[in-house]
Amino acid sequence: MSDHRVAPDVPVAPAASVPVAPVAAFEPPYYAVVFTSVPAADRDGYDETASRMGELVQRIPGFLGEDSASTPGGLSVTVAYFRDLAGIEQWRRDEEHRAAKEYGRAHWYERYSLHIARVEQSRSFERVPGGARPSRGTPVPSAS
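So, how was this worked out
Residues numbered from 1 in each chain as written. Predicted model: local features only at pLDDT ≥ 70, side-chain atom pairs only at ≥ 80, totals over all residues. Heavy atoms only, no water. Helix = DSSP H or I, 4+ residues; strand = E, 2+ residues; numbered from the N terminus. Pairing = 2+ DSSP bridges. Salt bridge = Lys/Arg side-chain N within 4 Å of Asp/Glu carboxyl O. Buried < 20%, exposed > 50% of the residue type's maximum accessible area, 1.4 Å probe, protein only.

A.B. asks: What am I meant to see in the environment of Trp-91 here?
C.D. replies: Position of Trp-91 among the secondary structure elements: in helix H2 (residues 85-93). Here the alpha-carbon distance between Trp-91 and Leu-56, two residues 35 residues apart in the chain, equals 8.7 Å.

A.B. asks: Can you walk me through the pairing of strand S2 (residues 63-70) in this structure?
C.D. replies: Moving residue by residue along a regular strand, the side chains alternate between the two faces of the sheet. Two elements, S2 and strand S3 (residues 76-82), share seven bridges in a ladder whose sense is antiparallel. Each bridged residue has a counterpart across the sheet, and for Ser-70 the counterpart in S3 is Ser-76. Counting the residues that bridge the hairpin from S2 to S3 gives five residues, and of these Gly-74 lies at a positive phi of roughly 110 degrees.

A.B. asks: Teacher, can you tell me more about the pattern of salt bridges here?
C.D. replies: If you walk through the whole model with that rule in mind, you get five salt bridges. Across the pair Arg-118 and Glu-120 runs a salt bridge, and its minimum N-O distance is 2.6 Å. According to the relative accessible area criterion, Arg-118 is partly exposed, its value standing at 44%. What you see here is one network of salt bridges that share partners, running through Arg-52, Glu-55 and Glu-96.

A.B. asks: Honestly, the pairing of strand S1 (residues 30-39) in this entry has me stumped. Any pointers?
C.D. replies: Most of S1 sits out of view: nine of its 10 residues are buried. Strand direction decides the pairing type here: S1 and strand S4 (residues 109-119), joined by 10 bridges, are antiparallel. Each residue of the ladder has a partner; that of Ser-37, found in S4, is Tyr-112. With seven bridges connecting them, S1 and S3 associate as antiparallel partners.

Purely geometric numbers; function is a separate question.
Below, the structure written as structure tokens:
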């Protein structure tokens, strides 16, 4: 169970407008950058900036994709996947990204946390007509 308090209600996009598909599994190792945030009341300009950041990060060598979700109470989690730490560092140093982070701390977020983790195992599953598509990624080592 999480020790996070529930954030105030904020508008959430209707589910039909958001594509529902996780980022596929990649061959490990790679890295996951987990950004968890609680929004502030002032969200003016946030959506446009988030869209721009989504365009920019795709240009970073080694960027693999990202998953995002928000709770009805407002907690948001975005996980960005990178092939290596060099890509994460390039994204961290991007001037537009740096400016957006500075503005976000001043206006858009009550709090956030950032975690960087090395992915050691990765699998995916997709239901398709007539059965399941085989998973990609690495098998789980057997416990002996």
